[in-house]
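The primary structure of each chain is shown beneath.
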Amino acid sequence: RSIVAAMLPQEIIRKKRDGAPLGEDEIRFMVQGIVDGTIAKAQIGAFAMAVFFRGLSMAERVALTNAMAKSGRVLNWKPLALPGPVLDKHSSGGVGDKVSLILAPIVAACGGYVPMISGRGLGHTGGTLDKLDSIPGYNSRPDIPSFERVVKEAGCAIIGQTADLAPADRRLYAIRDVTATVESIPLITASILSKKIAAGLDGLVMDVKFGSGAFMPVYEHAEALAQSIVTVARGAGLPSNAVLTDMNEVLGRTAGNALEVLESIEALRSGQGEERLMTVTRA
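Residues numbered from 1 in each chain as written. Predicted model: local features only at pLDDT ≥ 70, side-chain atom pairs only at ≥ 80, totals over all residues. Heavy atoms only, no water.

Asker: Please clarify how the packing of aromatic side chains should be interpreted in this entry.
Answerer: Evaluation of the coordinates by the stated rule reveals three aromatic pairs. An angle of 85° between the planes, with centres 5.3 Å apart, marks the rings of F52 and F53 as edge-to-face. Taking the relative accessible area as the measure of exposure, F53 reaches 63% and is therefore exposed. Their ring planes at 70° and their centres at 6.1 Å tell us that W77 and F147 sit as a pair that is edge-to-face. Taken as a pair, W77 in the loop between helix 5 (58–69) and strand 1 (87–91) and F147 in helix 8 (residues 144–154) lie far apart in primary sequence, 70 residues in all. Like W77, the residue F147 is buried in the burial classification. (Phe/Tyr/Trp six-rings, centres within 6.5 Å; stacked < 30°, edge-to-face > 60°. Buried < 20%, exposed > 50% of the residue type's maximum accessible area, 1.4 Å probe, protein only. Helix = DSSP H or I, 4+ residues; strand = E, 2+ residues; numbered from the N terminus.)

See the structure below:
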């Protein structure tokens, strides 16, 4: 405690600005300050920019991910005695990407449980929450007890990030968004995985999209993100794998929120979805 009390945000920022590695206690201190408001927005922005240019080692990424995951509530599925593994899939985003809408029910039908905490569109890419919000009456932000009940009863639920799950990520992302530091692989890794670890998962698959219809168009960048997420997830104790998906053309036959929901329902009813879409979903 005495060490943490003696820390100064500006010294940690300076250290990372100059390219030095940060200790786990320093990273926890910064994350706590982001959550409780003791670190100024200007300092958080400076920290994000330092990370953007200097990067983080894999050990630093694991420390940042764990600290952000534990900045709020971490779901515990053991009291529900679910008779199958708690699993999830996350996508980096692409035009016409409707894999989550098809995959979550399929995994549930196979005996898994999918508490999917999803996001909205990034740039020109579509977000799963945006698609679901096209359904009249769909509640994309239920309370946690309702979320847990639906996962247990239906085997899957897709919702948005709640206020008490990884709050450090929500506050850090808002500042990254206005300081041009979104496109940082270490920060993207921590942002995605902090929410997934907070969801109490037993396993995660990451679908990293590349190409003109993706948030991350360059293949090499997508590959680096996939490697980062798998390495950091495993380092944080979450079994993980990744697939890389070409998004130089629309995945499936439709692009547009309501249309994609309808296409997904038809694919689940018939089992006969567009070939590329179903190949990625099965993979």
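Asker: How do you make sense of the pairing of strand 4 (residues 203–210) when you look at a structure like this?
Answerer: The two faces of the sheet receive side chains in turn, since in a regular strand these alternate between them. Summarising burial for strand 4: seven of the eight residues are buried, a large majority. The sheet contact formed by strand 1 and strand 4 spans five bridges and is parallel. Bridge pairing in strand 4 links K89 to V205. (Pairing = 2+ DSSP bridges.)

Asker: What exactly am I supposed to notice about unusual backbone geometry here?
Answerer: Positive phi, normally seen in glycine, also occurs at A166, with a value near 45°. By secondary structure assignment, the location of A166 is in the loop between strand 3 (156–160) and helix 9 (167–178). With phi around 60°, A180 is a residue other than glycine that occupies positive phi space. Here A180 shows up in the loop between helix 9 and helix 10 (185–198). Since its relative accessible area comes to 56%, A180 is described here as exposed.

Asker: Just checking my understanding: could you explain the sheet that holds strand 4 for this structure?
Answerer: The strands that make up a sheet pair up through hydrogen bonds in the backbone, lying either parallel or antiparallel. Taken in spatial order, the three strands of this open sheet run 1-4-5, and their pairing is parallel. Each edge of the sheet is formed by a strand with only one pairing partner; in this case those strands are strand 1 and strand 5 (240–246). When strand polarity is set aside, the average angle formed by the axes of neighbouring strands in this sheet is 20°. Against the sheet, helix 11 (residues 219–235) makes contact with strand 4 and strand 5, and its axis sits at roughly 165° relative to strand 5, the strand it touches most. (Axes fitted to C-alpha atoms, helices over the stretch in contact; angles between N-to-C directions. Contact = heavy atoms within 4.5 Å.)

Asker: Which parts of the structure should I look at to understand the nonpolar core?
Answerer: Ranked by size, the top nonpolar core spans 34 residues in total, and within it W77, F147 and L225 carry the most contacts. Residue assignment for this core shows that the elements contributing at least two residues are helix 5, helix 8, strand 3, helix 10, strand 4 and helix 11. With residues near it in sequence (within four places) discarded, L225 still touches S92, I185, I188, T189, V208 and M216. L22, V31, A168 and L187 belong to the second-largest nonpolar core, a separate cluster that totals 24 residues. (Core = buried A, V, L, I, M, F, W, Y, C linked by side-chain atoms within 4.5 Å.)

Asker: I'm lost on the environment of G155 in this one. Help?
Answerer: Note that G155 resides in the loop between helix 8 and strand 3. Residue G155 is classed as buried on the basis of its relative accessible area, which comes to 4%. Separated by 73 residues in sequence, G155 and L82 have C-alpha atoms that sit 9.4 Å apart. When neighbours within four sequence positions are excluded, G155 is seen to be in contact with A108, G112, Y113, V114 and V150.

Asker: Mind showing me how you'd approach the pattern of salt bridges here?
Answerer: Note that side chains of opposite charge can pair when their charged atoms are close. Per the counting criterion, the structure on display carries 13 salt bridges. The partner of K196 in a salt bridge is D88, and the shortest N-O contact between them spans 2.6 Å. Placement of K196 in helix 10 and of D88 in strand 1 is noted, with a sequence separation of 108 residues between them. Here K196 and D88 have matching classes, each one buried. A salt bridge links E153 to R149; its shortest N-O distance comes to 3.6 Å. With a gap of four residues between them, E153 and R149 both fall in helix 8, about one helical turn apart. Through salt bridges that share partners, D97, D207 and K209 make up one connected network. (Salt bridge = Lys/Arg side-chain N within 4 Å of Asp/Glu carboxyl O.)

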